[in-house]
Every structure is written in C-alpha cells, then in structure tokens.
Amino acid sequence: MLTPLDRFKGCLVGLAVGDALGAPLEFMTAAQIRSAHGTVRDFLGGGWQKLSPGETTDDTALMRCLAQSYLARSAFDPADILDRFLGWLSTNPPDVGNLTRTALQAYAVGRDPATAGREAWEASGRQSAGNGAVMRCAPTGLLRAADFKTLERESIIGSQLTHFDPRCCQSCVAVNYAIAQLLAGEDLPVVHNNLLSYFLENADPFMASVVEAALSEMPDPADISGPMQGYTFLTTHTALWALFNADSFESGLVTVVNLGGDADTNGAVAGALLGARFGYDAIPERWRDGLSGESEIVREAIELYALAGAPTRYG
C-alpha cells in the first residue's frame, strides 16, 4: 500500500523526470520524434537547449524554488518565492518564459509581489495564458493537501506572481486539488468527479470541460505541437488525461512526451500527477538513477512531508 511519503517523493521526482525526458523533444512533432528516435523511453539529452541526459529545465528549477521557500519560511511568502525566482533568473538560464521574465523584471525594480504578475499579464493584452505556473505548482498541492481553502488560495496567488490570467490560476488549482485527493487515497473516479464539481460550482465551465474531456479524450496531437503548445489548459488536459488513463507511471509519461510540442512542461505536470498516483518506487530505477539532482529533490520531498505534519494529517 502506498504511503503519503511515497506519493510526496513520487510527485516531485516524477515532475523532474517528466521534465528531463521531454526537454530534448520540445518543439518537435510526434512524427518528427518517431522519425528521429522511434519511441523515446530513456533520457536523451540534446534538444535546442543542448542538455545532458537527465538534465532538467526551468520547470524543475522553479518548482524547487517554491518548495525551498516553503521549507525556509515554513509559510507561503510571495516575496521570498519571487526572490528565489530572481536568483534563478540571475544564472541566465536558457529557457525563460515571457510572462515569467516580464513579471520578475517588474518585481526587481520595485513592483509589489501582488502587482508584478498582473502588470505582465496586462502588458500582454490580457491574452497570455501560458503554462509557466502550472509546471511549478505541485509543492502547494502536497503541503496544503489537508486544507483545501489554503490550497486554493496559495495555488491562485502562487500563479499570479508571474501568470495572472484566471486560466493559469485555475490550472494550478486543478492540478493541486488532484494531488491532494491522491494523497488522501481517493480513487480516480472520485478525483475526477470532485474536480468536475468544483469547477462547475465555481462557474468555470471551460475548465470543467477540460476536466470532463480528460477522462477519456487525449488532446489533439495537432494542438500539442501546433500554435496552442504552451497553453495552460492544453498542458492541464494532457496531464489529467495521463493521470486518468495510464496503467503505469512509465507508460503514461512515455505517451505524453512522445506527443512532442511543449514536451518538457507537459511531461513535468503529467509526471507530478503520475508520481502522486503511483508513488516513488513506480518510477523506473533507470530514470531515478539518471536524473540530475534526484537526491536533493527526494530530500526536499521528505522535508515537505515533515513540514506538512505528516503522518498525522494523512493517516
């Protein structure tokens, strides 16, 4: 029987594994991947970022910034989170989302944490709804699993730090609420029904339709590698589809990353959900052994588990 600690470790390591497995395939179509590599089942390295096999990207780095902030502050501290994001940005990473960069630059010159993300979104014409928040949100789902109102609030504010669009915020709520239910040991039909009920009750019919479709419909591969790649609802649909339909961590993640498009972020979010569902030991050993920073991510997951007050709060 899976323990909550297995799920904590599986969630964060699963996110990083999905990131590392998908990153070399980013911006490729499924057909291009098949032509160049067949079916990708192992860390390749390379890609446009010229990564080493098992190396991760901004998805994992920003997730770890959030986790480390919770651990350092024992609280949700937006300024501390943004300070850590700025520290990461100062390393000149090769892949920085436009909204993330704009919001962090605004914060760096003195904007309040509560307004930097809003200004970045407004500068986009209130049209940008990228997946740069949902890729990093999993620590909130783990830490706040026993307190839904806090999970909801911190998921939304955590998104708004860089991704203010309501679609980004609700994607984070969806993923984190799913993680919380998996930690509680809920069966997948219950997870799905609770997600659907939440978004219907909160007058978000589009997100409800995403949740409904994810039960049985894989996103259109033409969307995944087309103009919609990077859209937060598309990434959320893809990850939830994997959660509800995969028969193992490996099969679900292999399917997702081989669709191409924004393969590192789709893989990261799917990996977080699959890791929370199947647990740490279900992640293939070859992936755990080959993952850059794996031992540090495991340690952070264990520390988050302790901070959450587990096992008292999770049984």
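Because the structure is a prediction, the values reported are computed rather than measured.

Draft legend 1. Layout of the overall build of the protein chain. A count of helical and extended segments in the protein chain gives 17 helices and 0 strands. Considering only C-alpha atoms, the protein chain reaches an extent of 50 × 45 × 40 Å along its principal axes. Per-residue burial for the protein chain yields a buried fraction of 59% across its 315 residues. The long-range share in the protein chain, meaning contacts at least 24 apart out of those at least 6 apart in sequence, stands at 72%. Carbon and sulfur atoms make up 50% of the accessible area of the protein chain, which amounts to about 12,000 Å² in all.

Draft legend 2. Expanded view of helix 14 (residues 249–257). Taken together, the buried positions of helix 14 are occupied by Phe249, Gly252, Leu253, Val254, Val256 and Val257. Each element contacted by the buried residues of helix 14 is listed here: helix 1 (4–22), helix 2 (30–37), helix 13 (232–245), helix 15 (263–278) and helix 16 (285–290).

Draft legend 3. Geometry of helix 3 (residues 58–73). The end-to-end C-alpha separation of helix 3 is 22 Å, in line with the 22 Å expected for 16 residues at 1.5 Å each. Within helix 3 the residues assigned to the buried category are Asp58, Asp59, Thr60, Leu62, Met63, Arg64, Cys65, Leu66, Ala67, Ser69 and Tyr70. Those residues of helix 3 that are buried are in contact with helix 1, helix 4 (78–89), helix 7 (138–143), helix 8 (148–160), helix 15 and helix 17 (294–307). In the stretch just after helix 3, serine 74 is the one whose phi turns positive, near 50 degrees.

Draft legend 4. Molecular detail of the nonpolar core. Within the largest apolar cluster, 100 residues are counted, with the highest numbers of intra-cluster contacts made by Val17, Leu195, Phe199, Leu240, Leu253 and Trp287. A total of 11 residues in this core trace back to one element, the largest contributor, which is helix 9 (residues 166–183). If near-sequence neighbours (up to four positions away) are discounted, leucine 253 is found in contact with Val17, Gly18, Leu21, Gly267, Ala270, Gly271, Leu274 and Trp287.

Draft legend 5. Seen up close, the packing of helix 13 against helix 15. Between helix 13 and helix 15, the least distance of the axes is 8 Å, while the angle of their chain directions is 35 degrees. Relative to helix 15, the crossing made by helix 13 is right-handed. Here Thr235, Thr238, Ala239, Leu240, Ala242 and Leu243 of helix 13 lie close against helix 15, whose contacting residues are Thr265, Asn266, Val269, Ala270, Leu273, Leu274 and Arg277. Per-class residue counts for the contact of helix 13 with helix 15 are 8 nonpolar, 4 polar and 1 charged.

Conventions and cut-offs
Residues numbered from 1 in each chain as written. Predicted model: local features only at pLDDT ≥ 70, side-chain atom pairs only at ≥ 80, totals over all residues. Heavy atoms only, no water. Helix = DSSP H or I, 4+ residues; strand = E, 2+ residues; numbered from the N terminus. Buried < 20%, exposed > 50% of the residue type's maximum accessible area, 1.4 Å probe, protein only. Contact = heavy atoms within 4.5 Å. Areas by Shrake-Rupley, 256 points an atom, 1.4 Å probe, with all protein chains shown as cover. Expected span 1.5 Å × (residues − 1). Core = buried A, V, L, I, M, F, W, Y, C linked by side-chain atoms within 4.5 Å. Axes fitted to C-alpha atoms, helices over the stretch in contact; angles between N-to-C directions. Left-handed = near helix turned anticlockwise from the far one by under 90°. Nonpolar A, V, L, I, M, F, W, Y, C, P; charged D, E, K, R; others polar.

These results come straight from atomic positions and should not be treated as a statement about function.
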